[in-house]
Amino acid sequence: MLWSRLFIPTLRANPAVESAAVQLLQRAAYLRGPNSWLPLARRSLRRIVAIIRAEFDAAGAQEMLLPTPQTFEAIARELRSYKQLPQIWYSFGAHLEARSFSFEALPLADLCARTLDRCGISYNRTEHSLAVFSDEGTDSVAFCSACGYAAPMELAQAVASKPAGEDPTGDLSPEAFHTPGHKTIAQISEFTGLPESAQMKSLVLVANDAPVLVMLRGDHQMSEAKFAAFTGDHKFRPARSDELFEWFGAGAGSLGPVGVRNMRIVIDAALSGRRNMISGANRDDYHLRNVTPGEDFEAEAYDLRQVVPGDACIRCGAAVGSRNAIELARFHSSRRAADLHATNASAQEVPLLTATCHIAVDRLLLAAATSHRDTDGLALPAAIAPFDVIITPANYSDRAQREAANAVYAEIKSLGLEALLDDRDERPGVKFKDADLIGVPFRITVGKKLSEGLVEILERKTKQLTSTATAEAAAAVRRAITGESSYAAIRSADIPPGP
């Protein structure tokens, strides 16, 4: 393609944004404002999508075009027999989303990792995600510097800090007490003189069209991601006030688990073993003291709380910290889907295991800009750069240079590579700066050495400059590219519509 025909509005000054990677993407004419990707970025994103498709298809996955991610499960109800398993389905919306259905766990995390490897993007593997640790990242990862445990903050597991005070001892019975106008955890703490950790917080949520009562320690917060993974419903919602009165006979701030029989009750694991705590009484302006999980009400225990820095690592016990990151992929372990079944080899109905994974396509480009750059601009991995090579005649108006550049350009294209010919009437220095800025892996310069039958090839990543015969330039670049990565087969593939 000709540079003069493309929209490549490079900038010399840094835009007024905080992230250095976003600044660079804007200067290099990949991005304008949040999520406004320009033609160069679109070419890179299409290459990323092509790599994802190639890896997933090679693993036996099948692409679908679906209105919502929930449609996967609806279609999976048509699975009847083990002879149809395993199945891996994926779909592109804003991001890639994939589901697996089987009787055994499938390695979707490894499939995501192979995709990132093929894109040439370095990453850190955590529990549930692949991410780039970076001060510029907007995601939080719980990280243990002692043993290396890492996980997205909202899915991390850790041992909670001890309650601020000891639980009252003895086999005490729940006792109601009047708490007029006091509804929040902080208000009850001030009213009773007891720490917030002595209370149980009640959350009523509607998941899979059914109410769920979640109990947490008073000073803890629920992780929405953990609750969604637990229920399998990522569109759960808080109960409405009219629903609360219908189910409990009281409003928010006075709700509790004692006597509740009409819904599922789940306690956070940090409440296991606790005794004689305070909860709502299901009566406005009243609370109960001496409520003990497992004795005064029955509940399932599950890790639902949000980890906070300072909690103890579940592996080694050291204090967990937090790191900024750019999350590239997320995956959830296989879980049994209660409403999805298929017959096994013995003709028995068996619940299916389902797992999910997501790849944030645009974040892969952001991560590449974070870790593949230098003082001159981007130095993108060859597999995801918008072009394979730029041909830069120092003076395109010079007939000899123009004809040589056009000949190299035609030869490059005939070899199946994607080339950008800089045909602008600009000074050589401007062309070289722009080429370095946009990060294309190789540049062929047609200039002063043409009289000797030579052109110069610059490898963008290493800055290595070599001279070669003009007629050999295209083949030399092709050898360098195909020797560097195995992505060349994707280049000439017919890439169907995608994000």
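Residues numbered from 1 in each chain as written. Predicted model: local features only at pLDDT ≥ 70, side-chain atom pairs only at ≥ 80, totals over all residues. Heavy atoms only, no water.

Novice: Explain the environment of Pro34 to me, please; I cannot follow it from the model alone.
Specialist: Topologically, Pro34 is positioned in the loop between α1 (20-27) and α2 (39-58). Taking the C-alpha atoms as reference, Pro34 lies 9.2 Å from Val22; in sequence the two are 12 residues apart. (Helix = DSSP H or I, 4+ residues; strand = E, 2+ residues; numbered from the N terminus.)

Novice: Whenever I open this one, the pattern of salt bridges confuses me. Can you help?
Specialist: Pairing of side chains with opposite charge becomes possible as their charged atoms draw close. Per the stated rule, a full pass over the model turns up 36 salt bridges. We note a salt bridge from Asp219 to Arg217, for which the minimum N-O separation is 2.7 Å. On the accessibility criterion, Asp219 (34% relative accessible area) is partly exposed. The network of salt bridges with shared partners includes Asp374, Asp376, Asp436, Arg443, Arg460 and Lys463. (Salt bridge = Lys/Arg side-chain N within 4 Å of Asp/Glu carboxyl O. Buried < 20%, exposed > 50% of the residue type's maximum accessible area, 1.4 Å probe, protein only.)

Novice: Teacher, can you tell me more about the side chain of Ser81 here?
Specialist: Of note, Ser81 is situated in the loop between α3 (71-76) and β2 (87-92). Residues within four places of Ser81 in sequence aside, it is in contact with Ala342 and Thr343. (Contact = heavy atoms within 4.5 Å.)

Novice: Please clarify how the layout of surface pockets should be interpreted in this entry.
Specialist: In this approach the atoms are scanned with a rolling probe the size of a water molecule, which exposes any empty space left behind. Roughly 880 Å³ of internal volume is contained in the largest pocket. Lining the largest pocket are 34 residues, and of these Ala228, Ala229, Phe230, Gly232 and Arg335 sit closest to its centre. Looking at the lining of the largest pocket, the elements that each hand over two or more residues are α3, α6 (224-231), β18 (321-343) and β19 (349-359). At 9 residues, β18 tops the list of elements feeding residues into the lining of the largest pocket. For the lining of the largest pocket, the residue count by class is 12 nonpolar, 12 polar and 10 charged. (1 Å grid on protein atoms, 1.4 Å probe; cavity = no way out; pocket = protein on both sides within 12 Å on 5 of 7 lines; lining within 4 Å. Points joined across faces, edges and corners; volume = space filled by probe spheres on them. Nonpolar A, V, L, I, M, F, W, Y, C, P; charged D, E, K, R; others polar.)

Novice: I tried to follow the pairing of strand β10 (residues 200-207) on my own but got confused; where do I start?
Specialist: Regular strands have side chains that alternate between both faces of the sheet. Counting buried positions along β10 gives 6 out of 8 residues, so the element sits mostly inside the fold. Where β10 and strand β11 (residues 210-217) come together, 8 bridges link them in antiparallel fashion. If you follow Lys201 over to β11, its bridge partner there is Leu216. The loop that links β10 with its antiparallel partner β11 comprises 2 residues; one of these, Asn208, has a positive phi angle of about 55°. Strand direction decides the pairing type here: β10 and strand β12 (residues 237-238), joined by 2 bridges, are antiparallel. Across the sheet, the residue bridging to Leu205 is Pro238, located in β12. (Pairing = 2+ DSSP bridges.)

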